[in-house]
Amino acid sequence: MEMIEDHTENVRERITHEAVHKSNEKNIMTYAITSAFYAIFAATAALLAGFHSNEAMIEQMKSSDQWAFYQAKSIKMNIAESKLDLFKSLKLKADKNTQNKIETYKIELVAISEKAKEKEAVSDLHLKKHISYSRNVTLFQVAIGMTAFAILIKKRSFWYLSMVFAFVGLIFLGVGLF
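The rules behind these values
Residues numbered from 1 in each chain as written. Predicted model: local features only at pLDDT ≥ 70, side-chain atom pairs only at ≥ 80, totals over all residues. Heavy atoms only, no water. Helix = DSSP H or I, 4+ residues; strand = E, 2+ residues; numbered from the N terminus. Contact = heavy atoms within 4.5 Å. Core = buried A, V, L, I, M, F, W, Y, C linked by side-chain atoms within 4.5 Å. Buried < 20%, exposed > 50% of the residue type's maximum accessible area, 1.4 Å probe, protein only. Axes fitted to C-alpha atoms, helices over the stretch in contact; angles between N-to-C directions. Parallel < 35°, antiparallel > 145°, perpendicular 65-115°, else oblique. Left-handed = near helix turned anticlockwise from the far one by under 90°. Expected span 1.5 Å × (residues − 1). Polar contact = N/O pair within 3.5 Å; in protein donor to acceptor, adjacent residues only side chain to side chain. Nonpolar A, V, L, I, M, F, W, Y, C, P; charged D, E, K, R; others polar. pLDDT = per-residue confidence, 0-100. Patch = residues over 30% accessible without salt bridge, like charges linked within 9 Å, V, L, I, M, F, W, Y side chains within 5 Å. Areas by Shrake-Rupley, 256 points an atom, 1.4 Å probe, with all protein chains shown as cover. Salt bridge = Lys/Arg side-chain N within 4 Å of Asp/Glu carboxyl O.

*Asks:* Hey, could you run me through the side chain of glutamate 59 in this one?
*Replies:* For glutamate 59, the position within the fold is in helix α2 (residues 26–89). Once residues within four sequence positions are removed from consideration, glutamate 59 is found in contact with Lys119, Val122, Ser123 and His126.

*Asks:* What's the story with the nonpolar core in this structure? I'm lost.
*Replies:* In a soluble, globular protein the nonpolar side chains are often hidden away together inside. Tyr38, Ala39, Ala42, Phe140, Ala143, Ile144 and Ala166 together form the largest nonpolar core, which totals seven residues. Of all the secondary-structure elements, those providing two or more residues to this core are α2 and α3 (96–153). The residues contacting phenylalanine 140, other than those within four sequence positions of it, are Tyr38, Phe41, Ala42, Ala166, Gly169 and Leu170.

*Asks:* How do you make sense of the packing of α2 against helix α4 (residues 156–177) when you look at a structure like this?
*Replies:* Angle between the axes and distance between the axes are the two parameters that describe a pair of packed helices. Relative to each other, α2 and α4 sit at 20°, their axes nearing to 11 Å. Comparing the axis directions of α2 and α4 gives the class roughly parallel. For the pair α2 and α4, the sense of crossing is left-handed. Counted together, Asn27, Thr30, Tyr31, Thr34, Tyr38 and Phe41 of α2 and Arg156, Trp159, Ser162, Met163, Ala166, Leu170 and Leu173 of α4 form the full contact between these two elements.

*Asks:* Got a minute to help me understand α3 in this structure?
*Replies:* An α-helical turn contains 3.6 residues, so a residue and the one three or four places further along point in the same direction. Between the first and last C-alpha of α3 there are 86 Å, a value that for 58 residues agrees with the 86 Å anticipated at 1.5 Å per step. Put simply, aspartate 95 is the residue that caps the front of α3, since its side-chain oxygen is 3.3 Å from the backbone nitrogen of asparagine 97. Backbone geometry just after α3 places lysine 154 at a positive phi near 55°.

*Asks:* Please clarify how the packing of α3 against α4 should be interpreted in this entry.
*Replies:* Axis separation between α3 and α4 bottoms out at 8 Å; the angle between their running directions is 165°. Relative to α4, the element α3 is oriented roughly antiparallel. Helix-helix and strand crossings are classified by hand; for α3 and α4 the assignment is left-handed. Broken down by class, the residue content of the contact of α3 with α4 amounts to 20 nonpolar, six polar and two charged.

*Asks:* Help me understand the side chain of serine 123, please; the structure alone is not making it clear to me.
*Replies:* Inspection of the secondary structure puts serine 123 in helix α3. When its relative accessible area of 5% is taken as the criterion, serine 123 is described as buried.

*Asks:* I keep staring at the confidence of the model for the chain and nothing clicks. Help me out?
*Replies:* Parts of the model with low pLDDT should not have their predicted coordinates read in detail. The share of residues in the chain with pLDDT of 70 or more is 89%, and the mean pLDDT across the chain is 87. Per-element averaging of pLDDT across the chain places helix α1 (residues 9–21) at the bottom with 68 and α3 at the top with 93.

*Asks:* Help me understand a nonpolar patch on the surface in this model?
*Replies:* The grouping of Met29, Ile33, Phe37, Ile40, Phe41 and Leu170 at the surface amounts to a nonpolar patch, some 540 Å² of accessible area in total. A per-element tally of the nonpolar patch places α2 first, with five residues. If you trace the backbone, isoleucine 33 turns up in helix α2. By relative accessible area, isoleucine 33 is classed as partly exposed at 44%.

*Asks:* Please explain unusual backbone geometry as it appears in this structure.
*Replies:* As a rule of thumb, non-glycine residues mostly have phi less than zero, and peptide bonds are mostly trans rather than cis. One non-glycine residue with positive phi stands out, namely lysine 91, at about 55°. On the secondary structure map, lysine 91 appears in the loop between α2 and α3. Residue lysine 91 is classed as exposed on the basis of its relative accessible area of 74%.

Next up, the structure:
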């Protein structure tokens, strides 16, 4: 399973260090707790993004299998049709069994095509969810970075900015869930 790399581990360690060793500043603990929640959301979204990426690939492979099956049936049908055309051109009696096979192939081709298109649609849905979760991970990592800035330069405005990124990340998390 493909995991999205977490580049924020050092930042989280620094935030924890600052929170523990400089806890006399009232905002640092709030920033650290906020950052921990951001990390939880980012890790969860990374797991979901990887899951949906894998599922999209699996469904796409199943769709490709169906299209290959479709091609094989189509070739069989074309051979049967060529056989009938050959009989007609030679003014021979058409084989009833061959005609029945052609009709069966036509019905099967429709069913196989529908199944392949279903698999493609499921793959597309998983891919859209993967993209949404990947954006979520990125936004929460940026929020963690903004929280780190708030701690390191002691500016509350960066913490507020981190909340904006986290809020947008939550929107993408909601989009992915629904």
